[in-house]
Amino acid sequence: MPDVRVVNLTKKFGDIVALDNVNLTVHDKEYFSLLGPSGCGKTTLLRLIAGLIEPDSGEIYIGDKRVDNVPPEDREIGFVFQTFALFPHMTVWENVNYGPKVKNFDEKESETIVHEVLELVKLHERLSAYPNELSGGMMQRIAVARALAAGAKILLLDEPLGQLDAKVRNEIRYEMRKMAKDLNLTAIHVTHDQSEAMSISDRIAVMKKGKIVQVGTPQELYMKPNSLFVANFIGESNFLEGSVAEANNGSLVIELRGGAKVHAFGKGLAKDERAIVVIRPEVLTVEKPSYQGKNMLRGVVEKISFEGTFIRYVIRLESEDVVIVIKPSLTERWFDIGDSITLSFESEKVHVFAYPEAGLMEEISV
Amino acid sequence: MRKRVNRRKINDALNALSSKKTPKYITYLAAILIFLALILLPPILGIFTKFDTIQQIFNQPALMNRALIAIANSFIIALLVSAFDVIAGVPMAWLITRGKSRWLSILDTLADIPFIVPTAALGYSLLLFWNGPEGISALFGGSLISPGWLLIALLHFTFSFPIVVRVMVGALLDYKMEFERASRTLGASPFTAVRTVTMPILRPSLIASYILAFARSLSETGATFIVAGLLENGPVFLQNIKNELAVSNPSLYEGATVFTSLVLIVVSLAIFAFIRIFGSRLRLPIKGFWPSFERKLSYKKAEASRNSITLIVFFLIVLIPSLFVALPAFEALFNPTLSEAFSGSGIWSVYWQSLVVSYALAGIVTLLSFVIGLPMALMIARKRFGRLTSTTFDILVNVPLIVPSIALGVSLKFFWQSFAFVPEFLLLVFAHLAITYPYFVRSMTAAFERISLDMEEAARTLGAKPFDVFRTIMLPLTKYSILSGAIIVFTRSVSETGATLAVVTTLQTAPVVIVNWVKQVVPATPSDIGLGCGILIVLSLAILLTLRFVTRGKGRY
């Protein structure tokens, strides 16, 4: 089955640019997520692919076929709405059978299909129920079944788990992935929940203000964020400001605010340039104050919270910067509030970015 | 300062009262009692006070026959016209809500115009357009459509069309587009999506708009009287026999009136009940699927021609005929009619008096609807006396809406006649109140129902007393609905002719004067009539625009 490809896609609503010259390829049979804060344009992109709205400029391809002038009913996609949009005046059976009917499938054939997909979502015994008699989880599964019965090879999911409570959501998200994989479907899943995207996607596109910031596997996004925004949006990060004291072919010495000097790697930064060092909380180790080594940051434990598997330390550095450190609780030596400590990290595990023109808070704001 | 202290005291007192059960229930009970005593029971009981005269008409087979034909005409016209209203009104509402052009907001406003043109003026306007030598008939060398069946149907279509458009625009705006989009992604063409998903979901609104158009068509008297020619429908028949028999044979007149009114009321209640009960079970033809045929209907060309037909129907059959009266009114500005009118000489002194009567009446009726309608709406919406009571009153409130207004007027007259002390103006107030009250209560009930109960409870937990909650939460959130309800009540009262003719003998409202002029009961020139209608339209338009301006952007959350 085909790839989905968008080229130079732009969509404006009045003066607001919802999608700004976006390029993206989703591969065949891939489970792909569009991730970003609300208002980033992810739903707009999904609706453009579905044909529910028309682009101002750019091209959309499904396989080799250019589809941006094709109405939604002819794109052979299945769309699952956040509100599910099950037709309230039709039973489960009628809802699922709707696609085969309007597509003029043979009656016997459509009956078989409907039975199959209802079997697949395990809701076979609720055939004659109306949508208002179903739970949220059931409605979600019927919405997926309905899209499948219409013969969709590409599943477009607009926050499909947003209306469900946390426990059901966690169960269903794996079911969704498994189903898409079992049926060899291409799925594009829109969400603002990074843990949801991370746990089910083959690849993720992180979006911000109408643009795609980074595309990659969950690991790539976490390990190698290409921007401060991604570093902040995916997982948790500490941001320490400083300036480049030495730059030698990507090997940098950064003098942080407060005077501490640390060693890190980063491209495109010159001497004396302002920079931000990004450190994941689990990358930092907590040592006694007497500790001597590379990349030392001295500070005091300000707060400790025990979170079961992990302990979370809040450390106030000598520079008055506050950083968060997460450590496994069982293997960790414990410190108390008020203890002086030294933090340390390996240079390869942190990232350095140039200080953003608009300021750090603006850059990472969602 | 002093004023503020006083206001504070009043507020505190009302708060204290509202916290106690007794005063609260007394308010609701008073609203119910007033509704029963003034609005619901008099029009029903009135007929029965004269019930014994009904046998008079059984001895007059010719008159009886005439009555039955008139009644049949009423229902046939109402049923057909309302069906056409829905067929033509839905595409129009569609165009207004779904179209992309910025001109559509103007179209939205234009659609309301036949609504506010008082129907008597509307009738005259249509008569000029379709039948008069200067209207469209001029193109065909003579009168295109003579007064009678077809002209009545056209007239009723004109004034009931905006009702359907209004209701359906509201319904389409509230409708969740997601359903239709889902249908498209499942493979349905636009037309199939609308037929199989959108229309079934909007069925309650379709039924409601049909019923409203139906009731309006059944009630209209003044304009129908103008365009009817020799044809009689129920209201025209009632008015004709009043002129023929009221003096010469009062008991036969009463008998015929009781009979006709009773049949009109009973049959319309039966039809209403039938539509209410079976309408919701009516399966629209969604079972069949004709994908390829409907796909053709969804083409851009088909859509464009549908929109063009909709616009042609609207402009040619609804809007231009409604405003055609402006032509003679415009001429009147340049001949002596204008100075005659403003000096109040001749027939014009009655006209000006009638204007004062009409607008004073409409003002009073609007105010009263508000005062006695609000607690009723609150009681229904919030189910203050339990679900059953609420549902019962919800249905009862609507009864006057579907009773033909002239029958309602006749019955009211019979009822209040036995209380000789009731002055004519008060009788008029009662009649108009009975007709307009349902509109106000309906719109307010819907508005209150839209406010989530959480809102009220949040205010209570923050320390607001019940009256405070009403004043600071309910009222501000429903301001828009109150004002739009008031507009409907006001314009409906200014337009009302049938009930007015039925209850008064000496007092004249503006539509009654217009009808008398057109029918040449009072000799008036075309110039006079044109100007008379023109002034009425301009005043109504001014009031509507003022209210629109005042309510602009307010109360919509």
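Residues numbered from 1 in each chain as written. Chains lettered and ligands numbered in written order. Predicted model: local features only at pLDDT ≥ 70, side-chain atom pairs only at ≥ 80, totals over all residues. Heavy atoms only, no water.

Asks: I would appreciate a short explanation of the overall build of chain B in the present structure.
Replies: Summing up its helical and strand segments, chain B has 27 helices and zero strands in all. In summary, chain B has a C-alpha radius of gyration of 25 Å against a globular reference of 24 Å for 557 residues, a match within 12%. With the principal axes as the frame, chain B shows a C-alpha extent of 70 × 65 × 55 Å. Each of the 557 residues in chain B was classed as buried or not, and the buried ones make up 54%. A separation threshold of at least 6 residues defines the contact pool for chain B, and within that pool the share at least 24 residues apart is 82%. As presented, chain B carries roughly 24,800 Å² of accessible surface, and 69% of it is formed by carbon and sulfur atoms. Averaging the locations of the 48 positively and 26 negatively charged side chains of chain B gives two centres separated by 11 Å. (Helix = DSSP H or I, 4+ residues; strand = E, 2+ residues; numbered from the N terminus. Rg over C-alpha atoms; globule rule 2.2 N^0.38 Å. Buried < 20%, exposed > 50% of the residue type's maximum accessible area, 1.4 Å probe, protein only. Contact = heavy atoms within 4.5 Å. Areas by Shrake-Rupley, 256 points an atom, 1.4 Å probe, with all protein chains shown as cover. Lys, Arg positive; Asp, Glu negative; His and termini not counted. Charge placed at Lys NZ, Arg CZ, Asp CG, Glu CD.)

Asks: Explain the interface of chain A and chain B here, please?
Replies: One widely used convention gives an interface's size as the accessible area the parts lose upon coming together. Every contact between the two is made by 26 residues of chain A and, on the other side, 24 residues of chain B. Around 2,200 Å² of area is buried between chain A and chain B when both sides are counted, 62% of it from carbon and sulfur atoms. Looking at the side of chain A facing chain B, the largest losses of area belong to Glu 73, His 89 and Tyr 98 of chain A, adding up to 27% of the total buried there. Glu 73 of chain A is the partner of Arg 184 of chain B in a salt bridge, and the nearest nitrogen-oxygen pair spans 2.6 Å. (Buried area = accessible area lost by both parts, 1.4 Å probe. Salt bridge = Lys/Arg side-chain N within 4 Å of Asp/Glu carboxyl O.)

Asks: Looking at this structure, how should I read the domain arrangement of chain A?
Replies: Residues and elements named next belong to chain A. By domain assignment, chain A separates into domain 1 (4–231) and domain 2 (238–364). Its C-alpha centre places domain 1 at a distance of 39 Å from the equivalent point of domain 2. In this complex, domain 1 contributes 12 residues to the contact, which on the side of domain 2 involves 13 residues. Between domain 1 and domain 2, a total of about 980 Å² is buried, with carbon and sulfur atoms accounting for 55% of that surface. Among the residues domain 1 hides against domain 2, the three largest losses belong to Tyr 222, Leu 228 and Ala 231. Together they make up 60% of the total. The tally of links from domain 1 across to domain 2 stands at one salt bridge. For Lys 209, the salt bridge goes to Glu 362, with nearest N and O atoms at 3.2 Å. At the junction of domain 1 with domain 2, the criterion picks out six residue pairs in polar contact (both at pLDDT 80 or more). Counting only elements with at least two residues in the side of domain 1 that touches domain 2, the list comes to helix H7 (218–223) and helix H8 (228–233). (Domains from an automatic or database assignment. Polar contact = N/O pair within 3.5 Å; in protein donor to acceptor, adjacent residues only side chain to side chain.)

Asks: How should I be thinking about the packing of helix H8 (residues 149–174) of chain B against helix H16 (residues 300–323) of chain B in this particular structure?
Replies: The relative placement of two packed helices is expressed as an angle between their axes plus a distance between the axes. All names here are of chain B. Relative to each other, H8 and H16 sit at 95°, their axes nearing to 10 Å. Comparing their axes, H16 and H8 come out roughly perpendicular. Contact with H8, carried on its side by Leu 154, Phe 157, Thr 158 and Phe 161, involves Val 313, Phe 314, Ile 317, Val 318 and Ser 322 of H16 and no other residues of that element. For the contact of H8 with H16, the class distribution of residues is seven nonpolar, two polar and no charged. (Axes fitted to C-alpha atoms, helices over the stretch in contact; angles between N-to-C directions. Parallel < 35°, antiparallel > 145°, perpendicular 65-115°, else oblique. Nonpolar A, V, L, I, M, F, W, Y, C, P; charged D, E, K, R; others polar.)

Asks: Explain the environment of Gly 14 of chain A to me, please; I cannot follow it from the model alone.
Replies: Residues and elements named next belong to chain A. Mapped onto the elements, Gly 14 comes out in the loop between strand E1 (4–13) and strand E2 (16–26). We classify Gly 14 as exposed; its relative accessible area is 66%. For the pair Gly 14 and Val 314, spaced 300 residues apart in the sequence, the C-alpha separation amounts to 45 Å.

Asks: Looking at this structure, I do not really get helix H1 (residues 42–50) of chain A. What am I missing?
Replies: Helical periodicity: at 3.6 residues per turn, an α-helix aligns residues three or four positions apart in one direction. Residues and elements named next belong to chain A. Of all the nine residues making up H1, eight are buried; the element is thus mostly covered by neighbouring parts of the structure. For H1, the full list of buried residues reads Lys 42, Thr 44, Leu 45, Leu 46, Arg 47, Leu 48, Ile 49 and Ala 50. Immediately beyond the C-terminal end of H1, within one or two residues, lies Gly 51, with a positive phi of roughly 90°.

Asks: Just to check I follow, could you spell out the pattern of salt bridges for this structure?
Replies: Charged atoms that come close allow side chains of opposite charge to pair. Inspection of the entire model under this criterion finds 29 salt bridges over all chains. Between Asp 20 of chain A and Lys 211 of chain A there is a salt bridge, with its nearest N and O atoms 3.4 Å apart. With Asp 20 of chain A in strand E2 and Lys 211 of chain A in strand E10 (residues 211–216), this residue pair connects regions lying 191 residues apart in the sequence. A relative accessible area of 43% means that Lys 211 of chain A is categorised as partly exposed. As a salt-bridge pair, Arg 47 of chain A and Glu 178 of chain B come within 3.1 Å of each other at their nearest N and O atoms. Taken as a pair, Arg 47 of chain A in helix H1 and Glu 178 of chain B in helix H9 (residues 177–185) lie in two separate chains rather than in one.

Asks: Honestly, the sheet that holds strand E5 (residues 65–66) of chain A in this entry has me stumped. Any pointers?
Replies: In sheet architecture, strand pairing relies on hydrogen bonds along the backbone and comes in two forms, parallel and antiparallel. Residue and element names in this part refer to chain A. An order of E2-E1-E4-E5 is seen for the four strands of this open sheet, with the pairing classed as antiparallel. In this open sheet, the two edge strands, each paired with only one partner strand, are E2 and E5. Summarising the sheet, E1 and E2 pair through seven bridges and their orientation is antiparallel. Across the sheet, Phe 13 pairs through a bridge with Ile 16, a residue of E2. Of the strands in this sheet, E1, E2 and strand E4 (57–62) touch H1, which is tilted by about 115° from E1. (Pairing = 2+ DSSP bridges.)

Asks: Any chance you could explain unusual backbone geometry here in plain terms?
Replies: Leave glycine aside and you will find that most residues have negative phi; peptide bonds, for their part, are mostly trans. All names here are of chain A. Positioned with a positive phi, Asn 249 is a non-glycine residue whose angle comes to about 55°. Locating Asn 249 in the fold gives a position in the loop between strand E11 (238–248) and strand E12 (251–256). Take Asn 249: its relative accessible area is 83%, and that puts it in the exposed class. Positive phi is not limited to glycine here, since Glu 320 has a value of about 75°.

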